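Observations on the model geometry
Here are the chains, one letter per residue:
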Amino acid sequence: MTVSINNGNINDHTVGFVAASKHQTGWGFLGWRHHPHLPLLAPIPLIIQQQIGYDSTRWNRTPLLQQFTGHTAIMSRVAGNVNFVRGFSPDGILRSFAMLFGCSVAGVWHNDIPMLGDPTCISYEIPVTNIFAQNFDAWSLQRSLQLNTYSLRTSDGLNSFNCVIASITMLVNYLMTNGLYHNYAIRIAENLQGSRQGDLIQRVLDGSFL
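Report follows, based on the coordinates.

Cut-off values and rules
Residues numbered from 1 in each chain as written. Predicted model: local features only at pLDDT ≥ 70, side-chain atom pairs only at ≥ 80, totals over all residues. Heavy atoms only, no water. Helix = DSSP H or I, 4+ residues; strand = E, 2+ residues; numbered from the N terminus. Expected span 1.5 Å × (residues − 1). Bend = angle between axes of the 7 residues up to and from the residue. Buried < 20%, exposed > 50% of the residue type's maximum accessible area, 1.4 Å probe, protein only. Contact = heavy atoms within 4.5 Å. Axes fitted to C-alpha atoms, helices over the stretch in contact; angles between N-to-C directions. Parallel < 35°, antiparallel > 145°, perpendicular 65-115°, else oblique. Left-handed = near helix turned anticlockwise from the far one by under 90°. Core = buried A, V, L, I, M, F, W, Y, C linked by side-chain atoms within 4.5 Å. Pairing = 2+ DSSP bridges.

1. A short note on helix 4 (residues 130-143)
Compared with the 20 Å implied by 1.5 Å per residue over 14 residues, the 21 Å span of helix 4 between its first and last C-alpha is a close match. Of all the bends in helix 4, the greatest, near 35 degrees, is centred on Phe136. Residues of helix 4 that are buried: Phe132, Ala133, Phe136, Trp139 and Ser140. If you follow the buried residues of helix 4, they end up packed against strand 1 (14-20), strand 2 (71-78), strand 3 (81-90) and helix 5 (163-175).

Okay, structure coming up:
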């Protein structure tokens, strides 16, 4: 599955997040095809498998490091077009490897539009007004400097963040700026248990955020 950059609906204005699965297969690093293992229904229905890139190869996937960790980024859509996609990651290659060993490192927000082409990429999009969708870009840029420490496994959501917690924190905080969207913010915050990529994707696919 890929997320459409332009869905053709000029009345579609949304804010939300996109998430790509980590590469899951029985062959680990050498594994060629993505066979996701999520704790949903057993056996996992074919439609769910397809939605998370079942049987896609490494050549179809986003950069190698993100295949091992998965990735989440905030986004907005204006008049059917994706306005921006931005995710939180370690700042540079050396810091990326350091975080794999449990280190907290400097983090940076960057453009993640290319991840929309990943066959495991799914989106959770909340219908909002045109203006609210447009303003998310500038609002998140202004506040991104406050989220600058990356920790893959020990993020606390206050002083350190991984891509999942950073994205959810940014989205929930933005939704709370407008009373019309408080219920969405509360639902997302309540249903996100833990900071793992699989938790997030599972809750999107099983409808927990709806």
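2. Focus: the packing of helix 4 against helix 5
At a closest axis distance of 11 Å, the pairing of helix 4 and helix 5 adopts a crossing angle of 125 degrees. With respect to their mutual orientation, helix 4 and helix 5 come out oblique. Handedness of the crossing formed by helix 4 with helix 5: right-handed. Residues Phe132, Asn135, Phe136, Trp139, Ser140 and Arg143 of helix 4 lie in contact with helix 5, whose contacting residues are Met170, Leu171, Asn173, Tyr174 and Leu175.

3. Some points on the nonpolar core
Among the nonpolar cores identified, the biggest contains 40 residues, and Val15, Phe17, Phe136, Ile168, Leu175, Ile188 and Leu200 are the most heavily contacted of them. Secondary-structure elements contributing two or more residues to this core are strand 1, strand 2, strand 3, strand 5 (122-127), helix 4, helix 5, helix 6 (182-191) and helix 7 (197-205). If you look at the next biggest cluster of nonpolar residues, it comprises 10 residues, including Ala73, Val82, Val85 and Cys121.

4. A few points about the pairing of strand 1
Across the seven residues of strand 1, seven count as buried, placing the element largely inside the fold. Residues of strand 1 alternate between two faces, with Thr14, Gly16, Val18 and Ala20 on one and Val15, Phe17 and Ala19 on the opposite face, all of them buried. Looking at chain direction, strand 1 and strand 5 are connected through six bridges and run antiparallel. Looking at strand 5, one finds that Ala19 is bridged to Ile122.

5. Here we look at unusual backbone geometry
The phi dihedral of Asp55 is positive, around 70 degrees, even though this residue is not glycine. Overall, the relative accessible area of 31% leaves Asp55 in the partly exposed class. With a phi close to 55 degrees, Ala79 is a non-glycine residue in the positive phi region. By the element assignment, Ala79 lies in the loop between strand 2 and strand 3. Take Ala79: its relative accessible area is 25%, and that puts it in the partly exposed class.

6. A word on the environment of Ile168
Examined against the element boundaries, Ile168 turns out to sit in helix 5. Here Ile168 is in contact with Phe17, Ile188, Leu192 and Leu200, once residues within four sequence places are set aside.

Interpretation in functional terms is not warranted from these geometric data alone.
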